[in-house]
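Listed below, chain by chain, are the residues.
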Amino acid sequence: MIRISSAGVIRGYRTNLTRSRINLERARQTASDFKKFRSFGDNPAAAARSFNLIRSFGKTDNYIQNSKAVTERFDQVWSSAIEVSELANKIDYDISTGMNGDKDADSRKLVAQTIRGHMESMVQSLNAKYNDDFLFGGQGTDEAPFELDNQYNLYYRGVNVDTGLTKDGKLPAFALDGNGNPLKKPNGQDMTGEDVLKQLSEEKLFVDIGLSMKNETGGLGNFNTSNDINSASAMNVAMPGINVIGFGKDAKGDPKNAISQLRDIADAFEQDPFDFDGMNARRDRFTETRNEIRKAVSTIDTRADFVHSNHDRLKQTSDSLYTQIYDLTEEDPAMAFTNLIFAQTFYNSAIKIGNSILDQSFIDYMR
């Protein structure tokens, strides 16, 4: 026969009552803020997982903001490049009009003036800005990248787009060493104006939009210049304008950029007698450049589409992370109130049971 002392009953009852009271308070807290836990000790596994999810959610939000800025930037780049392409089409129509046999010298001069006006508009489109950045300046986004002088020579970042030399016929400062001599290329030869233009055309400006940005060795950090970044792990937002309008000269020594070609075409329209065959050859070269401008617009469009798709993917990832965090840390309101009712019922039941098993004086004390 087992004997149960009154002290043992009281201790057991007091322990269970305290547990019911604690559960009731927790249920009340949960019903007020709907939090499944409030400290790491409440649920270490869930807390650790939620911290990782919240960290990922924060990083994803940063990527979304970067992606949004890049998307808006590419939209502006595409819009300005389309303007350049449409102006090139208009100019081609003007050239066709000026080549009609019924045009006299004065009419052709008017065509030349119209072409020069369109040239200035093209340069203005290439000097477009987004916020405080010039879109077509490559890495140089602080100042307008293009300048058209009185002779309609085009300069990009201070160098002639045909020769790669400055206005005084020299290499730019970044192509010279401390003694003012041309820098050496890997093959030991001196840099030339052509090399300057090529270097400017290949400039990159990377933004982290959630592509796991890494350096060329596959590690994180230590990004001293854009050249240190693995181009497949970040978005290159640089758009050197000379890649749109063309630069340098072809094998025959003729300019490959649209502005210089149009300058020669406008000058040719003002010549008397008019050289129809020479104009035909100039128009053919300009047609090739127009096609290159269309290709540049297509490339911009492709990059913009990728950024749009990446932005949508990031938003989906963010929504998924938010759902996981919510499910892990937030209690369903209906379940929280149900648990509160149960906890209140259990506690009230515990109090009533005490009336039947404990002395009246103890119950009075508990009250």
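Just above, that's the structure.
Residue positions are given per chain, counting from 1 as you read along its sequence in written order. Given that this is a predicted model, residues contribute local features only at a pLDDT of at least 70 and side-chain atom pairs are listed and counted only at 80 or more, while totals for whole chains, interfaces and linings are drawn from all residues. Note that the side-chain values use all heavy atoms of the structure and ignore hydrogens as well as water.

(A) Region of interest: the overall build of the chain. Here a strand is any run of E in DSSP of at least two residues, a helix any run of H or I of at least four, and the numbering for each starts at the N terminus. Scanning the chain for helices and strands turns up nine helices and seven strands. Here the chain holds 367 residues, and the buried ones make up 39% of them. For the accessible areas, the method is Shrake-Rupley and the probe is 1.4 Å, while residue cover comes only from the protein chains on display. Surface accessibility of the chain: about 21,100 Å² in total, with carbon and sulfur atoms responsible for 49%. Three labels apply to residues, based on accessible area from a 1.4 Å probe with only protein chains included: buried if under 20% of the type maximum, exposed if over 50%, partly exposed otherwise in between.

(B) Looking closely at the sheet that holds strand 3 (residues 146–148). Taken together, the three strands give an open sheet; going across it, the order is 3-4-5, and neighbouring strands pair in antiparallel fashion. Bordering the open sheet on either side are strand 3 and strand 5 (159–160), each of which pairs with just one other strand. Each pair of strands is called paired provided DSSP finds at least two bridges between the two strands. Strand direction decides the pairing type here: strand 3 and strand 4 (residues 154–156), joined by three bridges, are antiparallel. Each bridged residue has a counterpart across the sheet, and for Phe146 the counterpart in strand 4 is Tyr156.

(C) Fine view of empty space enclosed by the protein. The distinction between a cavity and a pocket rests on a 1 Å grid over the protein atoms alone: a 1.4 Å probe fits inside a cavity but cannot get out, while a pocket stays open yet meets protein on both sides within 12 Å along at least five of seven lines, and a residue with an atom within 4 Å of a point counts as lining. Grid points are joined across faces, edges and corners, and a volume is the space filled by probe spheres set on the points. Summed over all chains, the structure comprises one cavity of 30 Å³ or more. Roughly 30 Å³ of volume is contained in the largest cavity. Contributing to the lining of the largest cavity are Gln261, Asp264, Arg282 and Arg285. Side-chain classes are defined by residue name, with Ala, Val, Leu, Ile, Met, Phe, Trp, Tyr, Cys and Pro counting as nonpolar, Asp, Glu, Lys and Arg as charged, and the others, Gly among them, as polar. Among the residues forming the lining of the largest cavity, the class breakdown is no nonpolar, one polar and three charged.

(D) Spatial organisation of helix 4 (residues 193–201). Within helix 4, burial applies to Gly193, Asp195, Val196, Leu197, Leu200 and Ser201. Looking at the buried residues of helix 4, the elements they touch are strand 4, strand 5 and helix 5 (242–245). Contacts were defined at the residue level, with two residues in contact if any of their heavy atoms lie within 4.5 Å.

(E) Examining helix 6 (residues 258–269) more closely. One fewer than the residue count of a helix, multiplied by 1.5 Å, yields its expected span. Here helix 6 is twelve residues long and its end C-alpha atoms lie 16 Å apart, about the 16 Å a rise of 1.5 Å per residue gives. By the criterion of burial, helix 6 is predominantly enclosed, with ten of the twelve residues buried. For helix 6, the full list of buried residues reads Ala258, Ile259, Ser260, Gln261, Leu262, Arg263, Ile265, Ala266, Ala268 and Phe269. Pairs of N or O atoms are called polar contacts if they sit within 3.5 Å, as long as, within protein, a hydrogen donor faces a hydrogen acceptor (for residues adjacent in sequence, only side-chain-to-side-chain pairs). Two to three positions downstream of the cap, the backbone nitrogen of Ile259 sits 3.0 Å from a side-chain oxygen, assigning the N-cap of helix 6 to Asn257.

(F) Representation of the side chain of Thr141 in the model. With respect to the helices and strands, the residue Thr141 is situated in the loop between strand 2 (133–134) and strand 3. On the accessibility criterion, Thr141 (11% relative accessible area) is buried. When residues no more than four places from it in sequence are discounted, the contact partners of Thr141 are Arg73, Asp132, Asp133, Phe134 and Leu205.

(G) Region of interest: the packing of helix 3 (residues 105–126) against helix 6. Between helix 3 and helix 6, the least distance of the axes is 8 Å, while the angle of their chain directions is 165 degrees. One finds that helix 3 runs roughly antiparallel with respect to helix 6. Helix-helix and strand crossings are classified by hand; for helix 3 and helix 6 the assignment is left-handed. Counted together, Arg108, Lys109, Val111, Ala112, Ile115, Arg116, Met119, Met122 and Val123 of helix 3 and Ala258, Ile259, Leu262, Arg263, Ile265, Ala266, Asp267 and Phe269 of helix 6 form the full contact between these two elements. Looking at the contact of helix 3 with helix 6, its residues break down into twelve nonpolar, no polar and five charged. Every angle, taken between N-to-C directions, lies between 0 and 180 degrees, and every axis is a line fitted to C-alpha atoms, over only the stretch in contact when it is a helix. Throughout this description, any angle smaller than 35 degrees is read as roughly parallel, any larger than 145 degrees as roughly antiparallel, any in the 65 to 115 degree range as roughly perpendicular, and the remainder as oblique. Whether a crossing is left-handed or right-handed is set by the direction in which the near helix is turned from the far one by less than a right angle, anticlockwise for left-handed and clockwise for right-handed.

(H) Quick look at the packing of helix 2 (residues 44–98) against helix 3. Where helix 2 contacts helix 3, the two axes come as close as 9 Å, and the packing angle between them is 170 degrees. On the basis of their axis angle, the class for helix 2 and helix 3 is roughly antiparallel. Where helix 2 approaches helix 3, its residues Ser80, Glu83, Val84, Leu87, Ala88, Lys90, Ile91, Asp94, Ile95 and Gly98 are matched on the opposing element by Arg108, Val111, Thr114, Ile115, His118, Met119, Ser121, Met122, Ser125 and Leu126.

(I) Representation of the pattern of salt bridges in the model. Think of a salt bridge as a Lys or Arg side-chain nitrogen and an Asp or Glu carboxyl oxygen that are within 4 Å of each other. Taken as a whole and judged by the stated rule, the model has 14 salt bridges. Residue Lys198 pairs with Glu202 through a salt bridge whose shortest N-O separation is 2.6 Å.

(J) Expanded view of the layout of surface pockets. Estimates place the volume of the second largest pocket at around 290 Å³. Among the elements of the structure, helix 5 and helix 7 (276–329) are those that each provide at least two residues to the lining of the second largest pocket. Looking at side-chain class alone, the lining of the second largest pocket contains five nonpolar, four polar and five charged residues.

(K) How the structure looks around the environment of Ile242. Residue position: Ile242 is located in helix 5. Note: C-alpha distance between Ile242 and Tyr155 (87 residues apart in sequence) is 9.7 Å. Discounting chain neighbours no more than four positions away, the residues touching Ile242 are Phe146, Tyr156, Val161, Leu197, Leu200, Ser201 and Phe247.

(L) The arrangement of the side chain of Asp94 in detail. Take Asp94: it is sitting in helix 2. Under the convention used here, Asp and Glu are negative, Lys and Arg are positive, and both His and the chain ends fall outside the count. This buried residue, Asp94, is left without a salt bridge; Lys90 holds the nearest opposite charge, at 8.7 Å. What Asp94 contacts, discounting residues up to four positions off in sequence, is Val111, Thr114, Ile115 and His118.

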